[in-house]
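Residue-level structural notes
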Amino acid sequence: MTWHRAFQPCFRERQAPYLTALDMWLADDIAGFSWNVLAAAPAVKRISIQGSEPTPLGVAALRSVNAALRNGALQELEEVVLRKCTLGDGDIREFLDALKESGCAKRLTTLAFLSCEVGVEGIRIVADHIGRGVFSALKILD
């Protein structure tokens, strides 16, 4: 779905207790949402975030995922797919650390950065986390 501002209060008020996959396309003018949106969907196993082209838009959404993880949400998360996002080294480190600290890293089976702009240091950060056994269930790295 294309994420729309009106979805945020709807998710928080109505909840989505049985939603297992959240595939979002971010329009150019709507980059982020509150982490409470993700907390309102406790059964989510897959999150897919896509921008319209490689831009920093996905970073705001990724920060919401980080906040949700750090606040105890997304405890069923197994797959994260990011498409067309420009991610700085700090963004990648923050995201992977949030996964690790929340305990979700041990359940994560898929981690994908499709058509994302990630620098050499960002790839080293991912490799370091994998090398230290942080993602012990990881089957797909893309």
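These numbers were taken from a predicted model, which means no experiment stands behind them.

Quick notes on the nonpolar core
If you look at the biggest cluster of nonpolar residues, it comprises 42 residues, and the most contacted ones within it are Leu74, Leu77, Leu82, Leu96 and Leu99. Looking at this core, the elements with two or more residues in it are strand S1 (21-25), helix H2 (35-39), strand S2 (46-55), helix H3 (57-70), strand S3 (79-87), helix H4 (89-102), strand S4 (110-114) and helix H5 (120-131). Sequence-distant contacts of Leu99, defined by excluding residues within four places in its chain, comprise Leu69, Leu77, Cys104, Ala105, Leu108 and Phe135.

Describing unusual backbone geometry
Unlike most non-glycine residues, Leu74 shows phi in positive territory, near 60°. Note on placement: Leu74 falls in the loop between H3 and S3. Of note, Ser115 is a non-glycine position whose phi angle comes to about 55°, a positive value. Tracing the backbone through its elements, the reader meets Ser115 in the loop between S4 and strand S5 (117-118).

Notes on the pattern of salt bridges
Should the charged atoms of two oppositely charged side chains come close, the side chains can pair. A complete count under the given rule lists seven salt bridges for this structure. Among the ionic pairs, Asp91 bridges to Arg63, the shortest N-O distance being 3.3 Å. With Asp91 in helix H4 and Arg63 in helix H3, this residue pair connects regions lying 28 residues apart in the sequence. Overall, the relative accessible area of 52% leaves Arg63 in the exposed class. Residues joined in a network through salt bridges with shared partners are Arg70, Glu94 and Glu101.

Focus on H5
The terminal C-alpha atoms of H5, which comprises 12 residues, lie 16 Å apart, in line with the 16 Å expected from a rise of 1.5 Å per residue. For H5, the complete set of buried residues consists of Gly122, Ile125, Val126 and His129. Buried positions in H5, seen along its axis, are confined to an arc of 95° and lie on one side of it. Relative to its buried face, H5 has exposed residues pointing more than 90 degrees away, namely Val120, Arg124 and Gly131. Tucked into the core, H5 has its buried residues touching H4, S4, S5 and strand S6 (140-141). Among the residues trailing H5, Gly133 stands out with phi positive, at a value near 80°.

The rules behind these values
Residues numbered from 1 in each chain as written. Predicted model: local features only at pLDDT ≥ 70, side-chain atom pairs only at ≥ 80, totals over all residues. Heavy atoms only, no water. Core = buried A, V, L, I, M, F, W, Y, C linked by side-chain atoms within 4.5 Å. Buried < 20%, exposed > 50% of the residue type's maximum accessible area, 1.4 Å probe, protein only. Helix = DSSP H or I, 4+ residues; strand = E, 2+ residues; numbered from the N terminus. Contact = heavy atoms within 4.5 Å. Salt bridge = Lys/Arg side-chain N within 4 Å of Asp/Glu carboxyl O. Expected span 1.5 Å × (residues − 1). Arc of directions from axis to C-beta.

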